[in-house]
Amino acid sequence: MRLWSHFGPDVAPVKSLAREPDAQRQPTTPMKIRARLLRMSRLRVLSGIQPTADSFHLGNYLGALRQWVALQDTYDAFYCVVDLHAITLPQDPALLPHRTRVAAAQLLGAGLDPDRCTLFVQSHVPEHTELAWILGCITGFGEASRMTQFKDKSAKDGHDQASVGLFTYPILQAADILLYQADRVPVGEDQRQHLELSRTLAQRFNHRYGQTFVPPQPYILDEVAKIYDLQDPTAKMSKSSSSPQGIVDVLDEPDAIRRKIARAVTDPGSEVRADPEAKPGVTNLLRIYSALSGEPIATLEAKYAGSGYGVFKKDLAELVVASFAPIREKTRQILADEAGLDRVLAHGAAQAHQVASQTMTAVRDHMGLLQPVP
Ligand code: AQP
């Protein structure tokens, strides 16, 4: 498979690449040099996803992944599996490496191409935690306390049980973004508040210490910004808080997908019509259908006028099955070559480290941290 043989077995260790001139480590064929130069002249995007489950779900796919794949052709794209965010809630050490690989494999399976984007694991680039500490020192305690995701997640087991890591998670997220000088951050609606914090911290740092960071902007598509739980269409579909029946996983078997969509909560009446207030369940299903098929919601309403929920759900289930089948198959193939996958991630980490280390040099310099003697 081209992807795996492409980088060869000899990806240089991450450390040795620090501050090397670009030309020494970039691909050398004229085509690849042109492709790299073209990428560098574009605006930059960065986004991350947590390896907190055995599969991503439909919300992650529509709210984030699909945009990631599309943007790799028009932006200089950096994407990471954010394992350090995952451990803000307890993770099984025996499962985490596997889930990290499964996450990366799904991203590749969904269409990320290491020739067109930089894909890496967050903890492989230590500058993320270094910058998080520095940004933590310019973040107000009250400011961090206003993050609603912390309030929601910590409310589940009680505030006393929540870790300091869960509390400071948005600061690490700001570091993820600012390290790469990202112009845009493709995410779902749930991340909007965190992005505002990233932007505020970039501007505050620039104001205090001189121009250092690009203040990022969210890239959120309204139609798919929040996909809801199939069993509770007023709550976000979520890896950690939805019930298994409320989530459609990208790696679900076709029959599981059919079963879950058939049992999705609908609303009184039988009319297939979008109405977020009166018909949140059907509206959620219509949005999913429209996003996957490209057909406007009005066209779908006309198509299913008078046919009831049953036919509509059956067609939607087949659409989801057809959309996820190739991703599932490709993910399976990629996971069958673990060493190849690890090489892709090592290459991505090396590329990411090169950008991150340049940013950190500027940060230390502007803040007045004494540079170490080489
Ligand atoms: N329901 C959703 N609708 C639209 N977008 C969503 N995203 C998550 N859920 C939805 C977007 O997916 C990206 C990756 O999310 P994440 O895994 O890093 O964490 P999350 O936002 O906290 O998602 P989950 O599923 O709820 O994960 P857990 O349970 O682990 O916290 C993000 O861009 C997110 O906006």
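Since this is a predicted model, take the numbers as computed values, not measurements.

A. Region of the structure containing the overall build of the chain. In terms of helices and strands, the chain carries 16 helices and 5 strands. Relative to the globule expectation of 21 Å for 374 residues, the C-alpha radius of gyration of the chain, 22 Å, shows essentially globular dimensions. Each principal axis of the C-alpha distribution contributes one length, and for the chain these read about 75 × 50 × 40 Å. Each of the 374 residues in the chain was classed as buried or not, and the buried ones make up 49%. Working note: accessible area of the chain is about 17,100 Å², and carbon and sulfur atoms make up 56% of it. Between the averaged position of the 41 positive side-chain charges in the chain and that of its 42 negative side-chain charges there is a distance of 2 Å.

B. Geometry of a nonpolar patch on the surface. Together, Ile33, Leu37 and Met40 make up an exposed nonpolar region whose accessible area comes to about 270 Å². Within the element layout of this structure, Ile33 appears in helix α3 (residues 30-40). Residue Ile33 is classed as partly exposed on the basis of its relative accessible area, which comes to 38%.

C. Up close: the nonpolar core. Formed by 56 residues in total, the largest nonpolar core has its most connected members in Leu62, Tyr79, Leu107, Ile288 and Phe324. For this core, the element with the highest residue contribution is helix α15 (residues 308-335), accounting for 9 residues. Residues contacting Leu107, with those up to four places away along its chain left out, are Ile49, Phe56, Leu65, Trp68, Val81, Leu112 and Leu119. Core analysis: the next-biggest nonpolar cluster, separate from the first, contains 37 residues, Met147, Leu172, Leu179 and Ala202 among them.

D. Up close: the pattern of salt bridges. Summed over the entire model, instances satisfying the criterion amount to 18 salt bridges. Here Arg273 makes a salt bridge to Asp275, at a shortest N to O gap of 3.4 Å. The network of salt bridges with shared partners includes Asp73, Asp113 and Arg116.

E. The arrangement of the environment of Tyr219 in detail. Within the element layout of this structure, Tyr219 appears in strand β5 (residues 217-219). Between the alpha carbons of Tyr219 and Gln67 there is a distance of 8.9 Å; along the sequence they are 152 residues apart.

F. Quick peek at the environment of Thr212. Inspection of the secondary structure assignment puts Thr212 in the loop between α11 (192-209) and β5. Taking the C-alpha atoms as reference points, Thr212 and Thr359, separated by 147 residues in sequence, lie 7.8 Å from one another. Excluding anything up to four places from it in sequence, Thr212 contacts Gln181, Phe205, Asn206, Ala362, Val363 and His366. Reaching out from Thr212, the side chain makes a polar contact with the backbone oxygen of Gly210 at a distance of 2.7 Å. For Thr212, the side chain forms a polar contact with the side chain of His366, separated by 2.7 Å.

G. Spatial organisation of the side chain of Thr331. Looking at the element boundaries, Thr331 is found in helix α15. Looking at Thr331, its side chain comes within polar contact range of the main-chain oxygen of Ile327, at 2.6 Å. Once residues within four sequence positions are removed from consideration, Thr331 is found in contact with Val102, Ala105, Gln106, Gly109 and Leu251.

H. Fine view of the site of the ligand. Taken together, 22 residues surround the ligand, and among them His57, Lys153, Asp190, Lys239 and Ser240 come closest. Between an oxygen atom of the ligand and a side-chain N or O atom of Gln50, the distance comes to 3.1 Å. Counting residues per element, the shell around the ligand draws most heavily on helix α4 (residues 58-71), at 4 residues. In terms of residue class, the shell around the ligand is made up of 7 nonpolar, 10 polar and 5 charged.

I. Representation of the side chain of Gln149. The residue Gln149 is located in helix α9 (residues 148-157) in this model. In this view, Gln149 contacts Tyr169, Asp190, Gln191, Gln193, His194 and Lys236; residues no more than four positions away in its chain are not counted.

J. Inspection of the packing of aromatic side chains at higher detail. Per the counting criterion, the structure on display carries 11 aromatic pairs. Ring centres of Phe141 and Phe167 lie 5.3 Å apart, and the angle between their planes is 40°; this geometry places the pair in the tilted category. Residue Phe141 is located in helix α8 (residues 141-145), and its partner Phe167 is located in helix α10 (residues 164-179); the two are separated by 26 residues in the primary sequence. According to the relative accessible area criterion, Phe141 is exposed, its value standing at 65%. Joined through ring pairs, the aromatic side chains of Phe78, Phe120 and Tyr180 make up one cluster.

Calculation criteria
- Counting restarts for each chain: residues are numbered from 1 in the order of the written sequence.
- Note on the predicted model: pLDDT of at least 70 is required for a residue's local features to be given, and 80 or more for side-chain atom pairs to be given and counted; whole-chain, interface and lining totals, by contrast, use all residues.
- For side-chain calculations, the full set of non-hydrogen atoms in the structure is used, while hydrogens and water are omitted.
- Under the scheme used here, helices are H or I runs from DSSP no shorter than 4 residues and strands are E runs no shorter than 2 residues, and both carry numbers assigned from the N terminus.
- To get the radius of gyration, use the C-alpha atoms; to get the globule rule, take the number of residues to the power 0.38 and multiply by 2.2 Å.
- Exposure is judged per residue with a 1.4 Å probe applied to protein chains only, and the accessible area is read against the type maximum: over 50% gives exposed, under 20% gives buried, and values in between give partly exposed.
- Residue burial considers only the protein chains on display, and all accessible areas are found by Shrake-Rupley using a 1.4 Å probe.
- Working convention for charge: Lys and Arg count positive, Asp and Glu count negative, and His plus the chain ends are omitted.
- Where a charge lies is defined by one atom per residue type, namely NZ (Lys), CZ (Arg), CG (Asp) and CD (Glu).
- Candidate patch residues must exceed 30% relative accessible area and have no salt bridge, after which like charges are joined if within 9 Å and Val, Leu, Ile, Met, Phe, Trp or Tyr side chains if within 5 Å.
- We count a salt bridge whenever a side-chain nitrogen from Lys or Arg sits within 4 Å of a carboxyl oxygen from Asp or Glu.
- We define the nonpolar core as a collection of buried residues of types Ala, Val, Leu, Ile, Met, Phe, Trp, Tyr and Cys that are connected through side-chain atoms lying within 4.5 Å of one another.
- Between two residues, a contact is recorded if the distance between any of their heavy atoms is within 4.5 Å.
- Counted as a polar contact is a pair of N or O atoms within 3.5 Å, where, for protein atoms, one must be capable of donating a hydrogen and the other of accepting one, and residues adjacent in sequence contribute only when both atoms are in side chains.
- Throughout, near means a residue has at least one heavy atom within 4 Å of the molecule or strand.
- Under the scheme applied here, ten amino acids are nonpolar (Ala, Val, Leu, Ile, Met, Phe, Trp, Tyr, Cys and Pro), four are charged (Asp, Glu, Lys and Arg), and all others, including Gly, are polar.
- Note on aromatic contacts: the rings of Phe and Tyr and the six-membered ring of Trp form a pair at centre separations within 6.5 Å, being stacked when their planes are under 30 degrees apart, edge-to-face when over 60 apart, and tilted otherwise.

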